Amino acid sequence: MTERAPLSRKLSAIAESATLKVDAKAKALKAEGKPVISYAAGEPDFATPQFIVDAAAEALADPASYRYTPAPGLPALREAIAAKTLRDSGLEVSPAQVIVTNGGKQSVYQAFQAVVNPGDEVLLPAPYWTTYPEAIRLADGTPVEVFAGADQEYKVTVEQLEAARTERTTVLVFVSPSNPTGSVYTAEETKAIGEWALEHGIWIVSDEIYQNLTYEGVKATSIVEAVPDVANQTILVNGVAKTYAMTGWRVGWMVGPADAIKVAGNLQSHLTSNVNNVAQKADDRRAQRPADRGRAVPRGVRPPPSADRVGAVEDRRPRGAEPARRVLRVPRRAGPARPHLGRRDADHIARARRPHPRPGRGRGRPRRGLRPVRLPPHVVRARRRPAPRGRAAPAAAVLRLTRLVASTR
Ligand SMILES: Cc1ncc(COP(=O)(O)O)c(C=O)c1O
């Protein structure tokens, strides 16, 4: 008997999504009754707003929803996404330049498929979200990491990009606010990078999925707003997962020049066809509601923009006991063994470890699960540093969320 032909070499070389793997493990542990708080996937800790759920229920009762929609999405939803793109990214596009995808992840995949040719080099600022290099490889491209450390607030400079550019460089990945670091490029930094890409005819895949999750007045300027001329070589990736706590609904989108959207749409028509009709209708209702035109994050809640790889918080408290310790961890491939702590993050850790009066439950009463703990030396050191400006403070965001969860348990 002849040996079976081999599996695809390309797929065999692709790594499983580390984020989803850890998330699945956390869910399995939870199902066993273990007290686990998972920060593996970037999942907001609040429910999808009720009016979106109601719209889905309504759509479910309508037999018209049991049919295919056009592969690139319902016309009304594509129109709403075009309006959102103008509002938040400053770019006027026609609905024909929009494809509704199964989450932002499918947009990332399709964007690289649309603009990468075999052997092309794709500049990938690091640390990065784990899907990018694999999606680039799936498009037969070569990811070229450009590392930006804590000393530069995890933001690459034009000089670094220029140093990494070769004649095979055709694409730049731009993510602001960034997952995993939470860094937000200033308007000037964004403009400089956009102009550099324009000058060299380099495509930009700009992932804006965390666009509406910035804090302390920081605005994430879209690269197409900073440099309008670069729109003809930019694909914007976005979706509802993070802003509206809709990770499981699988609605994302890509926006770009008509020719790139056409080829990506052709791919999607063979790959998945349309996104679930009911989810599209629910999302259309969300997009139409004036009160909902920003973010759905309830006041006081800050979903972690960067929990996937840096700053995952592990609560090692045995059941029914006080917290043994909370550990900030970085998976090995993400860079340093311990995430860099900015002063704001460190201050937050210090606050989280102090007894905390709980409103409405008697002044001075310690918040459940939070007891004074001696601060580890790296936190003490970080508190002495000046607070950075213009960052979304991922570790702090994660910790705030931890406190919220701890207080509602
Ligand atoms: C930076 C970034 N882009 C895109 C996505 C994809 O989001 P989704 O496919 O859930 O819409 C994620 C998910 O974690 C992300 O972190």
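Each chain carries its own residue numbering, running from 1 in the written order of its sequence. Only residues with pLDDT of at least 70 get local features here, since the model is predicted, and only at 80 or more are side-chain atom pairs given and counted; chain-wide, interface and lining totals rely on the full set of residues.

Naming follows an unreviewed UniProt entry, where the protein appears as Aminotransferase of Microbacterium natoriense. Regarding the protein, the UniProt comment filed under Cofactor (unreviewed entry) reads as follows: "pyridoxal 5'-phosphate". Looking at the protein in UniProt, the text filed under Sequence similarities (unreviewed entry) is "Belongs to the class-I pyridoxal-phosphate-dependent aminotransferase family." UniProt positions are given in the numbering used here, feature names are shortened, and annotations may be inferred rather than shown by experiment.

Draft legend 1. The nonpolar core, seen in detail. Put simply, a nonpolar core is a cluster of buried Ala, Val, Leu, Ile, Met, Phe, Trp, Tyr and Cys residues tied together by C-beta atoms within 7 Å. Partly exposed residues are those whose C-beta has more than 12 but fewer than 20 other C-beta atoms within 10 Å; with 20 or more the residue is buried, with 12 or fewer it is exposed, and the C-beta atoms are placed from the backbone. Core analysis: the largest hydrophobic core is formed by 72 residues, its most contacted members being Ala 111 and Phe 112. Runs of H or I in DSSP of at least four residues are treated as helices and runs of E of at least two as strands, each being numbered from the N terminus. Counting residues per element, this core draws most heavily on helix H5 (residues 103–115), at six residues. Once you skip the residues sitting within four places of it in the chain, Ala 111 turns out to touch Val 205, Ile 235, Val 237, Met 254 and Ala 264. We call two residues in contact if the C-beta atoms placed from their backbones are at most 7 Å apart.

Draft legend 2. How the structure looks around the pairing of strand S5 (residues 203–207). Across the five residues that make up S5, a large majority, five, are buried. Neither face of S5 is open: one carries Trp 203, Val 205 and Asp 207, the other Ile 204 and Ser 206, and all of them are buried. With helix H8 (residues 187–200) bridging strand S4 (residues 169–175) and the parallel S5, this β-α-β connection has right-handed handedness. Paired strands are those between which DSSP finds at least two bridges. Judged from the four bridges that link them, S5 and strand S6 (residues 234–239) form a sheet pairing that is parallel. Across the sheet, residue Val 205 finds its bridge partner in S6, namely Ile 235. Place the viewer so that the strands point away; then a crossover is right-handed whenever the path from the first strand over the helix to the second strand goes clockwise.

Draft legend 3. Representation of the site of the ligand in the model. Near the ligand lie 16 residues; those nearest to it are Gly 103, Gly 104, Lys 105, Gly 239 and Ala 241. When residues of the shell around the ligand are assigned to their parent elements, the largest contribution, four residues, is made by H5. When its residues are assigned to classes, the shell around the ligand shows six nonpolar, seven polar and three charged. Two domains share the shell around the ligand, each providing at least three of its residues, namely domain 1 (9–48 + 299–408) and domain 2 (70–292). Here, nearness means that the C-beta atom of a residue, built from backbone geometry, sits within 6 Å of the molecule or strand in question. Residue type decides the class: Asp, Glu, Lys and Arg count as charged, Ala, Val, Leu, Ile, Met, Phe, Trp, Tyr, Cys and Pro as nonpolar, and the leftover types, Gly among them, as polar. Domain borders in the structure are assigned automatically or taken from a domain database.

Draft legend 4. View of helix H11 (residues 277–288). Taking 1.5 Å per residue, 12 residues should reach 16 Å; H11 reaches 17 Å between its end C-alpha atoms and fits that length. Turning to H11, its buried residues are Ala 279, Gln 280, Lys 281, Ala 282, Asp 283, Asp 284, Arg 285 and Arg 286. Against helix H3 (50–60), helix H4 (75–89) and strand S1 (98–101) lie the buried residues of H11. Expected span of a helix, by definition, is 1.5 Å for each gap between consecutive residues, and there is one gap fewer than residues.

Draft legend 5. Just helix H2 (residues 18–31), in detail. Relative to the 20 Å expected for 14 residues at 1.5 Å per residue, H2 spans 20 Å between its end C-alpha atoms, a close match to the ideal helical length. Gly 33, located one to two residues past H2, shows a positive phi value of around 90°.

Draft legend 6. Structural detail: the pairing of strand S7 (residues 252–255). Covered by surrounding structure in S7 are Gly 252 and Met 254 together with Trp 253 and Val 255, the residues of both alternating faces. Sheet topology note: the S6/S7 ladder contains four bridges and is antiparallel. Each residue of the ladder has a partner; that of Val 237, found in S7, is Met 254.

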